[in-house]
Amino acid sequence: MRRFALVDCNNFYCSCERLFRPDLKKVPVVVLSNNDGCVVARSSEARALGIGMGAPLFKVRETVRRHNVRVFSSNYALYGDISARVMQTLERFSPDLEIYSIDEAFLDLSGVASPVEYGQEIRATVHKHVGVPVSVGIGPTKTLAKLANYAAKKFKATGGVVDLSDPQKQQRLLAIAPVGEVWGVGRRLAASLQKLGVTTALDLARTEPRRIRRRYSVVLERTVRELNGESCIDLEAMPAAKKQIVCSRSFGEKLTDYADVRQAVYEFAARAAEKLRREGQLARMVHLFIRTSPFDGTGPGYNNAATGTLPCPSADSLEILALVTRLFDDIWQDGCRYAKAGVMLGDFCTPDQVQPDLFAAEADHDRSDRLMRAIDAINHGGRGKVWFGGQRPQKDWFMRQAHLSPAYTTRWESIPEVG
């Protein structure tokens with residue numbers, strides 16, 4: 001029998017913040033979005049206080065003050081490193097693992113004799129090795145495994161593990177699970193289904209698949225079949241190649257100076273190029289945008305973008321930055337208070353798909369590849385930081401992070417000391 005497991009970290013961002021702060025164990029904790037704007041993660045204690053997901057910080061500030069809620073800025077360096085440790089631990093439990101998101105992974109547990117016991121072993125091992133609590137949902141399809149994980153988190157009596165291999169257990173959970181909790185059914189789709197009388201996961205499972213396909217999509221039809229135990233979505237051992245890479249950010253303060261905004265744009269372009277090299281791809285298209293805030297009434301509104309094409313597909317930061325410079329000069333406008341900028345790379349191909357330039361020397365390409373590899377190795381090897389002219393990554397106007405915790409696991413100076 002085919003059997004999938006979904007392992008999901010509980011309140012992942014909050015759990016990461018608590019790893020090196022045992023004093024926060026039973027304290028309400030929230031993590032904020034970029035620029036400390038909205039709540040993007042809540043501990044169970046914070047949820048119990050009525051703090052909603054996505055709530056702007058200024059709207060819940062009184063609740064935060066009254067109940068001494070601990071507030072943290074998003075610490076992506078910490079979260080990314082802890083996520084990698086969780087996934088590395090999970091690899092020992094199955095040869096087939098699909099990393100679904102920063103805090104979720106699907107495992108193939110086909111052939112496991114005692115799934116619930118195995119799930120408890122997974123939970124105990126991840127907690128012992130990493131310190132992050134996880135829940136485990138098990139089922140004959142990925143959709144049922146996802147729904148089982150919902151139950152494992154919601155009902156404490158499950159001990160954090162739910163197995164839906166038994167059809168009778170499937171029916172009982174489907175009958176009480178809201179249709180919006182089904183994997184792939186978002187808020188708008190759930191509202192549309194509810195108008196048809198489909199309010200629970202069981203209602204959706206009992207709907208004729210072909211009717212669903214005609215009215216909605218083949219994707220939702222597969223979901224219906226998966227709810228009925230028919231496996232239609234297999235594990236993806238390798239993530240699909242990206243079709244575009246975007247690096248953008250709202251500024252912590254409004255920028256009016258040409259040099260400051262260009263430095264930001266250079267930083268985004270350099271980061272995007274680095275991600276592109278990590279993907280092993282080349283880009284033909286570069287898209288750049290800059291804009292003011294629609295809510296800023298102190299200056300003229302402005303929103304503009306430009307797109308350019310590289311002469312030959314490339315992942316060379318120097319070539320991408322040269323094009324970005326031309327695009328930026330084309331759309332820059334003086335007298336504006338800029339709130340956000342971004343760079344997108346697209347129209348990807350692999351190096352073996354490139355038609356070489358007849359007049360370009362092969363040595364130039366080799367030199368470019370070696371230079372980029374050397375820069376990436378230095379920047380990721382802890383030996384320092386190399387950046388390009390015009391790029392100033394140390395600028396503090398990129399993001400407001402007034403509540404940022406230390407990068408405990410990735411910076412020597414942030415390693416906790418025991419007195």
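Every chain is numbered independently, its residues counted from 1 as its sequence is written. Whole-chain, interface and lining totals are the exception, using all residues; otherwise, since this is a predicted model, local features are given only for residues with pLDDT of at least 70 and side-chain atom pairs are given and counted only at 80 or more. The side-chain figures draw on all heavy atoms in the structure; neither hydrogens nor water molecules are used.

Peer 1: I'd like a description of the overall build of the protein, backed by residues and values.
Peer 2: Helix and strand assignments follow DSSP, with helices taken as H or I runs no shorter than four residues and strands as E runs no shorter than two, numbered in order from the N terminus. Looking only at helices and strands, the protein has 14 helices and 12 strands in total. Here the protein has a C-alpha radius of gyration of 24 Å; the compact-globule value for 419 residues is 22 Å, and the two agree. Projected onto its principal axes, the C-alpha positions of the protein cover 65 × 60 × 50 Å. Counting the 419 residues in the protein, one finds 48% classified as buried. Pairs of residues are marked as contacts when any of their non-hydrogen atoms sit within 4.5 Å. For the protein, long-range pairs separated by at least 24 residues make up 68% of all intrachain contacts whose partners lie at least 6 apart in sequence. Both definitions apply: the radius of gyration is a C-alpha atom measure, and the globule rule equals 2.2 Å times residues to the power 0.38. Accessibility here uses a 1.4 Å probe with only protein chains present; expressed as a share of the type maximum, an area under 20% marks a residue as buried, one over 50% as exposed, and anything in between as partly exposed.

Peer 1: Which residues make up the pairing of strand S1 (residues 4–9), and what values go with them?
Peer 2: Of all the six residues making up S1, six are buried; the element is thus mostly covered by neighbouring parts of the structure. By the alternation rule, side chains of S1 split into Phe4, Leu6 and Asp8 and Ala5, Val7 and Cys9, which are all buried. Note: two strands are recorded as paired if DSSP finds a minimum of 2 bridges between them. Pairing of S1 with strand S7 (residues 134–139), which is carried by six bridges, proceeds in the antiparallel orientation. Bridge pairing in S7 places Cys9 opposite Val134. As paired strands, S1 and strand S6 (residues 104–108) are joined by five bridges and run antiparallel to one another. Bridge assignment links Ala5 to a residue of S6, and that residue is Leu107.

Peer 1: Which residues make up the sheet that holds strand S10 (residues 282–292), and what values go with them?
Peer 2: As summarised here, the arrangement of the four strands in space is S9-S12-S10-S11, forming an open sheet in which the pairing is antiparallel. Both edges of this open sheet fall to strand S9 (244–255) and strand S11 (303–314), since each of them pairs with a single strand only. If you compare each strand with its neighbour and ignore which way they point, the axes differ by 15° on average. As judged from the eight bridges shared by S10 and S11, these two strands associate in the antiparallel manner. Its bridge partner being in S11, Ala283 is matched across the sheet by Ser314. Set on the sheet, helix H12 (residues 258–279) makes contact with S9, S10, S11 and strand S12 (338–349); between it and S9 the angle comes to about 155°. Axis definition: a line fitted to C-alpha atoms, limited for helices to the stretch in contact. Angles are taken between N-to-C directions and run from 0 to 180 degrees. Sitting on the sheet, helix H13 (residues 317–331) touches S10, S11 and S12, and the angle it makes with S11 is about 155°.

Peer 1: Describe the pattern of salt bridges, with residues and values.
Peer 2: Any Lys or Arg side-chain nitrogen found within 4 Å of a carboxyl oxygen on Asp or Glu counts as a salt bridge. Scanning all chains against the criterion turns up 19 salt bridges. Its salt-bridge partner being Glu221, residue Arg213 comes within 3.5 Å of it at the nearest N-O pair. A salt bridge links Arg225 to Glu221; the nearest nitrogen and oxygen atoms lie 3.0 Å apart. Taken together, the positions of Arg225 and Glu221, both in helix H11 (residues 218–227) and four residues apart, correspond to about one turn of that helix. On the basis of relative accessible area, Arg225 is assigned to the partly exposed category, the value being 26%.

Peer 1: Lay out the side chain of Ser73 with the relevant residues and their values.
Peer 2: Relative to the helices and strands, Ser73 resides in strand S4 (residues 70–73). Among the residues examined, Ser73 registers a relative accessible area of 0% and is labelled buried. In this structure the side chain of Ser73 is engaged in a polar contact, spanning 2.7 Å, whose partner is the side chain of Asp36. In contact with Ser73, not counting residues within four places along its chain, are Glu17, Val31, Leu32, Asp36, Tyr79, Gln401, Ala402, His403 and Leu404. Polar contacts, as counted here, are pairs of nitrogen or oxygen atoms within 3.5 Å of one another; within protein the pair requires one atom able to donate a hydrogen and one able to accept it, and residues that are adjacent in sequence qualify only if both atoms are side-chain atoms.

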